[in-house]
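Inside the fold
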Amino acid sequence: MSIDVTSEATHAALLALAAQTRELMDAVLATGADDDELAAVTEELRAITARLDAARRPPVEFGEPRWLLGNAAVGAANPFAPPIEVEYPPGGGVRAEQVFRPLHEGPPGLVHGGVSAMVLDHLLGTAVGVAGRVGLTASLTMSYRAPVPLGVLVVATAEYTRSEGRKSWAEGRIALPDGTVLVEATGLFITPGWLPQEA
């Protein structure tokens, strides 16, 4: 039996499952359980995985209802996603507050640089979209000013800067709440030929 992710009840249940799975993933990283307990939990998870896999649905296509559920940056049903919650300030651009989890660790106690890049890539692309453009990432330039800590509130922001034909640019950063910049990024986005240049 396949699920209908457009159903409000199913949607809520799927998000609850994803949230619980995030807690499981964090617990896996932090556990000090002995070998027997690890083996027992593994068997339980194997059975649970088989139950869920028996109702596997086809891949979601771009533009389908709730197609962002599995997105690596903002997908509420993707247990790896932080997930970031994008805000749209009245003055323009986009913003997100985030506390990264141990699952996103690179160096001990710090966020992996690739995770920072993923978050900024998504926000830059969203800022381009908010400006009425549609584009796919063509290049992303990162500047790591200081480490991004795990378990500490940070603020990510991005804004559209300009366009030339099908090319659009945006800039963004991850900073501490006091404004101290930790990571900066500039992105170039290209509107594919099969999409309009302006929304």
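Overview of the structure. Computed from a predicted model, the values in this text were never measured in an experiment.

Residue alternation in strand β1 (residues 94-99) divides its side chains into a buried set, V94, A96 and Q98, and an unburied set, R95, E97 and V99. Across 6 bridges, the pairing between β1 and strand β3 (residues 153-164) is antiparallel. Looking across to β3, one finds that V99 is bridged to L153.

Bringing the environment of V155 into the picture now. Within the fold, V155 resides in strand β3. Sequence separation of V155 and G179 is 24 residues, and the distance between their C-alpha atoms is 8.5 Å. Ignoring anything within four residues of it in the chain, the contact list for V155 reads R95, A96, E97, R173, I174, A175 and P177.

Turning our attention to the nonpolar core. One finds I84, F100, V119, L123, V148 and I174 to be the most contacted residues of the largest nonpolar core, which totals 26 residues. Broken down by secondary-structure element, the contributors of at least two residues to this core are β1, α3 (113-130), β3, β4 (167-175) and β5 (181-190). Leaving out residues up to four positions away in the same chain, V148 has contacts with F100, L110, V111, S116, V154, I174, L182 and V183.

What counts as what
Residues numbered from 1 in each chain as written. Predicted model: local features only at pLDDT ≥ 70, side-chain atom pairs only at ≥ 80, totals over all residues. Heavy atoms only, no water. Buried < 20%, exposed > 50% of the residue type's maximum accessible area, 1.4 Å probe, protein only. Helix = DSSP H or I, 4+ residues; strand = E, 2+ residues; numbered from the N terminus. Pairing = 2+ DSSP bridges. Contact = heavy atoms within 4.5 Å. Core = buried A, V, L, I, M, F, W, Y, C linked by side-chain atoms within 4.5 Å.

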